[in-house]
Amino acid sequence: MSRLLKKSKKGGLPPGTLVHVGEKKTEKVRISIIDYDEAHLQEKEAETIEECFPFKEKPTVTWINIDGLHEVKIIENLGKCYGLHPLVLEDIVHTGQRPKMDDYETYIFVVLRMPNYNKENGEIEDEQISLVLGENFIVSFQEKQGDVFDPVRERIRKGKGRIRRTGADYLAYVLADAVVDSYFALLEKIGDEVEKLGEELVSNPTPGTLAGIHRLKSEMILLRKSTWPLREVVGGLERTESRLIQEGTVTYLRDVYDHAVQVIDTVETLREMVSGMLDTYLSSMSNRMNEVMKVLTMIATIFIPITFIAGIYGMNFEYMPELKSHWGYFIALSVMAVIGVWMVIHFKRRRWL
Amino acid sequence: MSRLLKKSKKGGLPPGTLVHVGEKKTEKVRISIIDYDEAHLQEKEAETIEECFPFKEKPTVTWINIDGLHEVKIIENLGKCYGLHPLVLEDIVHTGQRPKMDDYETYIFVVLRMPNYNKENGEIEDEQISLVLGENFIVSFQEKQGDVFDPVRERIRKGKGRIRRTGADYLAYVLADAVVDSYFALLEKIGDEVEKLGEELVSNPTPGTLAGIHRLKSEMILLRKSTWPLREVVGGLERTESRLIQEGTVTYLRDVYDHAVQVIDTVETLREMVSGMLDTYLSSMSNRMNEVMKVLTMIATIFIPITFIAGIYGMNFEYMPELKSHWGYFIALSVMAVIGVWMVIHFKRRRWL
Amino acid sequence: MSRLLKKSKKGGLPPGTLVHVGEKKTEKVRISIIDYDEAHLQEKEAETIEECFPFKEKPTVTWINIDGLHEVKIIENLGKCYGLHPLVLEDIVHTGQRPKMDDYETYIFVVLRMPNYNKENGEIEDEQISLVLGENFIVSFQEKQGDVFDPVRERIRKGKGRIRRTGADYLAYVLADAVVDSYFALLEKIGDEVEKLGEELVSNPTPGTLAGIHRLKSEMILLRKSTWPLREVVGGLERTESRLIQEGTVTYLRDVYDHAVQVIDTVETLREMVSGMLDTYLSSMSNRMNEVMKVLTMIATIFIPITFIAGIYGMNFEYMPELKSHWGYFIALSVMAVIGVWMVIHFKRRRWL
Amino acid sequence: MSRLLKKSKKGGLPPGTLVHVGEKKTEKVRISIIDYDEAHLQEKEAETIEECFPFKEKPTVTWINIDGLHEVKIIENLGKCYGLHPLVLEDIVHTGQRPKMDDYETYIFVVLRMPNYNKENGEIEDEQISLVLGENFIVSFQEKQGDVFDPVRERIRKGKGRIRRTGADYLAYVLADAVVDSYFALLEKIGDEVEKLGEELVSNPTPGTLAGIHRLKSEMILLRKSTWPLREVVGGLERTESRLIQEGTVTYLRDVYDHAVQVIDTVETLREMVSGMLDTYLSSMSNRMNEVMKVLTMIATIFIPITFIAGIYGMNFEYMPELKSHWGYFIALSVMAVIGVWMVIHFKRRRWL
Amino acid sequence: MSRLLKKSKKGGLPPGTLVHVGEKKTEKVRISIIDYDEAHLQEKEAETIEECFPFKEKPTVTWINIDGLHEVKIIENLGKCYGLHPLVLEDIVHTGQRPKMDDYETYIFVVLRMPNYNKENGEIEDEQISLVLGENFIVSFQEKQGDVFDPVRERIRKGKGRIRRTGADYLAYVLADAVVDSYFALLEKIGDEVEKLGEELVSNPTPGTLAGIHRLKSEMILLRKSTWPLREVVGGLERTESRLIQEGTVTYLRDVYDHAVQVIDTVETLREMVSGMLDTYLSSMSNRMNEVMKVLTMIATIFIPITFIAGIYGMNFEYMPELKSHWGYFIALSVMAVIGVWMVIHFKRRRWL
């Protein structure tokens, strides 16, 4: 449940009081800076946040990435330097935000959530990724060190593609694209699980299959909660009239938007398929119950009447003429056999056998 | 049911006839006034409503809080002094309103509902909070004394944050924020209950579990009814073009709006999870029924045929050759054993055992 | 079904051919006129519709109320006098209309439906109320005499509130308000029934409870059909740009709109609660079935095997060594007891007891 | 299924290639012409389509009605004469169109579907009605001769109502109205059936009742498919800014629109009621199953233990002291009776009896 | 599952890096060119993509069709020649796109999906069709050779219809029309299957019927996922204000739009019908279970009591007066018969027989 209801508010404190809300997921805060333009590239691991400030004045694109949010002083100082609104800083450190995009004129604030499949307990966790996109800088905040942005760093270093020739808005697109990509990876894993359960369902359903279906269903509910706002955010970025987003970048954002829509489509489709599997399970279980009942009824219906006949001739009345008859026993056995066979024929006709 | 359908109308009376509709939740009406600007702060408990009137003319921000709505005369006089519309006064004392926001040009009238988890009977109750936001004043109405606004008072007293430097609209934001926060507290409690029931469901489901699920489901229906309009209200405040809301405050209202959306998201997600739990319960019960039926069928299918054989040799026919045979008894026992074992093997093959 | 599908059309006749369609609910048509302004009040029961015509020229507000729609001549003459469109007259006498509002520039035509709980058969009936709002007149049409407008008449007579100081549009608001109020009264009755059924469900569910739930569910479907358009109608009145609605009245119409929304909310919530009750009933019935099956299985599983043992020693084989043994009987009894006790312990472990 | 998926396309042919797609429902194509204005009326059955062409130039209103669509040459020539777009002609002869309205500036093309209850197999069939509304003409196309337009012809002949005084657009309204009216007739029949099934359900449900419910449910799915676009079409006609629709006619079209909405409302309500009936059936069946199980369990629980006792004293052990006792038999009988009575009391307490 | 979640992204690579993502469905890439205007027609199979470039300058309409997407170099070169955006090229070779339409001013990029019923495994596969529509050219991309565009080629060759007289936009319409047509063919096949299953359901339902219903349900979920965006795409083409689409073509696109809506309607209707079939299956199975239970209960209820009586007189008590009676046996038999007959009458009354 902790995943569902991240405590996203500290009650009663005035807005702008920075208190980290959420699990502390990393020990040490790591600040890394990449500063580049087409010709030049500088990379640096900063010890203190103050080392980032000189980059503010430079015309080159500066990307500051901060992993770990529990040292609020760092975020506060950064906020002061870049003139961020207290609510933005609050949203960064309260890590239970819904994905959203807010345009503060001189910068755009974006919150995204990056899902992560925890292999150990089979649960989907997610992490808040906050981005601040300014004129010539991006600050990104992650709850813990991750490797999702590494390919982006690599591309900047190698100067591949458009990334070095364009501004901070293109970098923002690349980062958002990387986050949306992580959903595809997750959905593929879930898709595999759905497929596996689907096969289990057909070949050999066990109570574990049912549990698996219910678990997947819950996961889909939670995943759906985080993917719907994703579309709004990316769509908002694409449609915004902020001068921070250049026209050439809009085409790329539209591409991310298409991917976000595809993620939602796939989540919905998987959800419906899992629901369908539950129906399949229940109806096949109902089928089996029917089979069991038929067996019981057949056995009972064949043997109860003939056992009754045996019971009759087991009575100890002094005067029971049949008992004296030499053929009595065999006649009784024959009658029983006839009844039994008749019942079986009857069941065959009703298609119970 | 009383919670569902608060009598919000008095039939046939002309609008503006003030009659308190709702439960009387407090004995004595309590009127408290806080008047402040950046430099100055005055706090006062008023005996009569007339003591509030002088504050109207002052340029400082005045916050009048009224706990208890059954003395309609007080509300009527206050209304006359501040020029409130009769329908506003009516909505204040009819405590079954749906959350709403009405813009009356010189003031904005807001109705909110504050949920409250009653620990004694496990039900969610809610209380109507009405706010009148004017140029330099706020009047807030509560059905009974509560502690939800205490931290706000504390912040005003201590002069922490922006609250003393800004106008009445910022105070309105702070109060609305406090109300929305109370939903988070409630949802956390419900989330815990859902989690507890979910674990019970897996480990040891009882009829009490089912009752708990049904109760939670009803609670979610009622909670949903009060949270959807909440979003409209806060969204309306954010988008209003009233000159009473300053531009700087809109950013803060957007933040409350985000929280309201998060509340709705969480309510919906909890609702779906509770529905999912009901499905789980029913399917696991169906599973158990299947198990019970299998046991019955197994026992019956093994013993009914062999009991029949015993019945045959219990018949008292004079001429039954097997009875005379020395090994007859043991052969009969063996045949029974063979049938029994064959049945068990059969069941194993069908995976009934 | 007659309630569902009121014949609202006469096939093939040209529009404007006035034929009363619907049940004749009153014997005699009753025409009552109230003419008033702030200073003056005239009340009159008219014998013929022509008596109403002189009031048309007067600057005072005239309210003509007609109970009973089967004498179409009256409606036709009235229509000619006030210049009403043939389709308006048609809609008035075809009493199966959906609530709607049409703006004909010189007048506004409103159709509402007033629900009524029939205590005899427990069904919800409803009646069509048509209103024509002109410059300084209102004509209201009811299918039969009712007392819903009596408090309004009383208020006009006593000159209480704004009613005598304002125009025909305010009177229209008051009448619409009275109709919407009648929904609250009905919903309260339904709410009581839901509560009663809910308690029955917990304490002592009978087949009658199930029937009650299904009946309520049908009622909610029908009620929902008539309440959704209600909101559109009142919302349309509030938003219309017709010069017939003065600005001061819009605030009041917004209030009725809020009430209409509250009615719909409550209908939806009741609907969901009734659906939830059906689920509760079915799952508790499923629970009981489980209990019954467990009892059957327990009895059968304990006694079938030991009855089999009794059957064995009831066989009449000549050579059955156990039968000769002095302790044979008691050993057999003990074995049966052991099997029985072992079964009971087994069931206890499986939590069947 | 043929009803569901009318082949509405001929694969690979260029648009405008006229091939009749659909069932041939009439032998001979019938062309009837009515030409009128306020003073004058001419009626005529045409042998060839060319007889219609002279009417095109006349200022009077011309209504050409064509029953039977399999002779595409007729439609092609008519299209050339009146300058219809190839796609319009294609849509006319491909009789599986969804209701729609297309504005081609000089004429408006409308496709409607007219439902028809086939009494023989109890299925709902529908027929495509195409209308082309021009400046002073209407061409209507029906798949087969029907009597739905007969009352309209009668009204034109008698000169009743507005029909002779107004233009072609009013005639279009009258025809659309006639089509929408046919839905009311159908819904009334379905409503009767729903009512009949509802009563059967309460008094004496049979498997036939269930089949009836499922059949009705399918019918509602198909009916819904054809009624939703109906609203769009009529709404489109009402809102169109084409100069072909005069302002006075718009009021009448709004009336048809209201009826279309009422049709949809009723279809939805019937659909929900039929779904509710299915629930009722299933829950009452579940109830009966419960009853059956209770009877079985009661009988088994009473007799299995006492049969066991009888079995004990049927054993043939040599030393069974009770057997020798003079009162043994009566004591055994009494014990059995006590157990039986105790069971019955037990069941009464559990409310099983 | 592979069908559901086509890997549509290569993680971490910069946009514009062309890597074919998807199954390689054809061995050799086939490039075919058709160049035409009203008077002239040239057809050609190109060996290298460079052969297409000279056509770019010609004023005639050029249609380049490429079957097979795994040789990305071809697509890259084509993209350079026609000035296509890197994202367009990426979308062409990543064959898991959602249908979409993007307007790049000098050309319009359209992605469609063409469904295909695989007869071997009964699954619906689909293939991505990409179209680039420029001033006087169209480039179409298919994953493998197919025959869906053959009738179009034939029409161009024969110069039938408008196709040779109009521009590239009309050709785009014809191609889109061909793709939408392929949905009708598929839906007809599914419709037949639904009908077949429906009949099986009524006459002789087997577990295979249930499996068939579940398979169809999954297919409908997937089909729905691909048809909804289809409507957006065609609607987007119709409403676009691009100068590439001439006014005369819009009418034709509206026709395709109507067909797309009809496809969606049919998919939804089939979906609901399949769901209804599942309900039918489950309720008929429930019915059968009821029948089985009744038989079991009847047999048990008739024979268990009379077997008990037989058991009583099988007891070996020394003093059992009835046993001595001459008529005892016949009286016992009669009592048993009476009980049996009474039970049967009882069941008849309860309508169990």
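Everything quoted here is computed from the prediction, not taken from an experiment.

**Student:** I'd like to hear about the domain arrangement of chain A, residue by residue, with values.
**Tutor:** For chain A, the assigned domains are domain 1 (30-283) and domain 2 (292-349). Here domain 1 of chain A and domain 2 of chain A have C-alpha centroids that lie 75 Å from each other.

**Student:** Describe the sheet that holds strand S4 (residues 100-103) of chain B, with residues and values.
**Tutor:** Residue and element names in this part refer to chain B. Strands sit in the order S2-S1-S3-S7-S6-S5-S4 across an open sheet of 7 strands; the sheet is mixed. Two strands bound the open sheet, and with one partner strand each, they are strand S2 (41-46) and S4. Averaged over neighbouring strand pairs, the angle between their axes works out to 15° when direction is ignored. Inspection of the sheet shows strand S3 (residues 61-67) paired to strand S7 (residues 137-142) by 6 bridges, in the parallel sense. Across the sheet, the residue bridging to Thr-62 is Phe-137, located in S7.

**Student:** Give me the lowdown on the relation of the copies chain C and chain D, citing residues and values where you can.
**Tutor:** Least-squares fitting of chain C to chain D yields an RMSD of 0.1 Å, with the superposition described by an axial translation of 0.0 Å and a rotation of 72°. Here the symmetry operator amounts to a five-fold rotation axis. For chain C, the minimum C-alpha distance to the rotation axis belongs to C:Gly314 and amounts to 4.6 Å. By residue overlap, the copies meet through two different surfaces: only 15% of the interface positions of chain C are interface positions in chain D.

**Student:** Account for the interface of chain C and chain D, naming residues and giving values.
**Tutor:** Facing 48 residues of chain C, the contacting portion of chain D comprises 53 residues. Elements represented by at least two residues in the side of chain C that touches chain D include exactly strand S4 (100-103), helix H5 (207-239), helix H6 (247-312), helix H7 (321-324) and helix H8 (328-349) of chain C. No other element matches H6(C), which puts 16 residues into the side of chain C that touches chain D. Its residues assigned to classes, the side of chain C that touches chain D shows 27 nonpolar, 13 polar and 8 charged.

**Student:** So what's going on with the sheet that holds strand S2 (residues 41-46) of chain C? Which residues, and what values?
**Tutor:** All names here are of chain C. The 7 strands lie next to each other as S2-S1-S3-S7-S6-S5-S4, forming an open sheet whose pairing is mixed. If you trace the sheet from one side to the other, it starts and ends with S2 and S4, each paired once. Neighbour-to-neighbour, the strand axes of the sheet open up by a mean angle of 15°, direction not taken into account. Note: strand S6 (residues 123-133) against strand S7 (residues 137-142), 4 bridges, orientation antiparallel. Within S7, the position partnered with Leu-133 by the bridge is Ile-138. Against the sheet, helix H4 (residues 168-203) contacts strand S3 (61-67), strand S5 (108-118), S6 and S7, and its axis sits at roughly 25° relative to S5.

**Student:** Lay out the environment of B:Lys324 in plain terms, naming residues and giving numbers.
**Tutor:** By secondary structure assignment, the location of B:Lys324 is in helix H7 (residues 321-324). In this structure B:Lys324 comes out as exposed when scored by C-beta crowding, with 11 C-beta atoms within 10 Å.

**Student:** Mind laying out helix H1 (residues 72-82) of chain B, listing which residues take part and the relevant values?
**Tutor:** Residue and element names in this part refer to chain B. Regarding H1, the residues found buried are Ile-75, Leu-78 and Gly-79. Here the buried residues of H1 occupy an arc of 105° about the axis, which is enough to place them on one side. The exposed set on the far side of H1, more than 90 degrees from its buried face, consists of Lys-73 and Lys-80. For H1, the elements touching its buried residues are helix H2 (86-93) and S7.

**Student:** How would you summarise the pairing of strand S1 (residues 30-36) of chain A if you had to cite specific residues and measurements?
**Tutor:** Residue and element names in this part refer to chain A. Judged from the 7 bridges that link them, S1 and strand S3 (residues 61-67) form a sheet pairing that is antiparallel. Bridging across to S3, Ile-33 finds its partner in Ile-64. As judged from the 6 bridges shared by S1 and strand S2 (residues 41-46), these two strands associate in the antiparallel manner. From the neighbouring strand, Ile-33 faces S2, where its bridge partner is Lys-44. What sits between the antiparallel neighbours S1 and S2 is a turn of 4 residues.

**Student:** Go over unusual backbone geometry, please, and point to the residues and values.
**Tutor:** Residues and elements named next belong to chain A. Even without being glycine, Glu-105 reaches a positive phi, approximately 65°. For Glu-105, the position within the fold is in the loop between strand S4 (100-103) and strand S5 (108-118). Accessibility expressed as a C-beta count within 10 Å gives 8 for Glu-105, which makes it exposed.

**Student:** Before we move on, could you go through the environment of A:Ser325 and cite the residues and values that matter?
**Tutor:** Structurally, the position occupied by A:Ser325 is in the loop between helix H7 (321-324) and helix H8 (328-349). Sequence separation between A:Ser325 and A:Gln145 is 180 residues; the distance between their C-alpha atoms is 96 Å.

**Student:** If you had to explain the confidence of the model for chain A to someone new, which residues and values would you point to?
**Tutor:** Residues and elements named next belong to chain A. When pLDDT is averaged along chain A, the result is 85, and 95% of the positions lie at 70 or above. Taken element by element, chain A is modelled with least confidence in H7, mean pLDDT 83, and with most confidence in strand S7 (residues 137-142), mean pLDDT 93. Interface scoring of the predicted complex returns ipTM 0.82; its pTM is 0.85.

**Student:** Can you explain the packing of helix H4 (residues 168-203) of chain B against helix H5 (residues 207-239) of chain B? Please cite residues and give values.
**Tutor:** Residues and elements named next belong to chain B. H5 packs onto H4 with a crossing angle of 155° between their chain directions and a minimal axis gap of 11 Å. Considering their axes alone, H4 and H5 lie roughly antiparallel with respect to each other. Here H4 and H5 pass one another in a crossing that is left-handed. Judged by residue contacts, Ala-176, Tyr-183, Glu-193, Val-194, Leu-197, Glu-200 and Leu-201 of H4 engage Thr-209, Gly-212, Ile-213, Leu-216, Thr-227 and Val-234 from H5. When its residues are assigned to classes, the contact of H4 with H5 shows 8 nonpolar, 3 polar and 2 charged.

**Student:** Explain the packing of helix H5 (residues 207-239) of chain D against helix H6 (residues 247-312) of chain E to me, and be specific about the residues and the numbers.
**Tutor:** In helix packing, the relevant descriptors are the interaxial angle and the interaxial distance, both defined with respect to the helix axes. Relative to each other, H5(D) and H6(E) sit at 170°, their axes nearing to 10 Å. Between H5(D) and H6(E), the interaxial angle falls into the category roughly antiparallel. Across the interface between the two elements, D:Pro207, D:Leu210, D:His214, D:Lys217, D:Ser218, D:Ile221, D:Leu222 and D:Lys225 from H5(D) touch E:Asp265, E:Thr269, E:Glu272, E:Met273, E:Gly276, E:Thr280, E:Ser283 and E:Asn287 from H6(E). For the contact of H5(D) with H6(E), the class distribution of residues is 5 nonpolar, 7 polar and 4 charged.

**Student:** Just give me the short version of the environment of E:Arg164, but keep the residues and values in it.
**Tutor:** Residues and elements named next belong to chain E. Mapped onto the secondary structure, Arg-164 falls in the loop between helix H3 (150-158) and helix H4 (168-203). Note: C-alpha distance between Arg-164 and Glu-247 (83 residues apart in sequence) is 17 Å. When neighbours within four sequence positions are excluded, Arg-164 is seen to be in contact with Tyr-36, Glu-38, Ile-156 and Gly-159.

Reading guide: rules and limits
- Residues numbered from 1 in each chain as written.
- Chains lettered and ligands numbered in written order.
- Predicted model: local features only at pLDDT ≥ 70, side-chain atom pairs only at ≥ 80, totals over all residues.
- Domains from an automatic or database assignment.
- Pairing = 2+ DSSP bridges.
- Helix = DSSP H or I, 4+ residues; strand = E, 2+ residues; numbered from the N terminus.
- Axes fitted to C-alpha atoms, helices over the stretch in contact; angles between N-to-C directions.
- Least-squares fit on C-alpha atoms with pLDDT ≥ 70 in both.
- Contact = placed C-beta atoms within 7 Å.
- Nonpolar A, V, L, I, M, F, W, Y, C, P; charged D, E, K, R; others polar.
- Buried ≥ 20, exposed ≤ 12 C-beta atoms within 10 Å, placed from the backbone.
- Arc of directions from axis to C-beta.
- pLDDT = per-residue confidence, 0-100.
- Parallel < 35°, antiparallel > 145°, perpendicular 65-115°, else oblique.
- Left-handed = near helix turned anticlockwise from the far one by under 90°.

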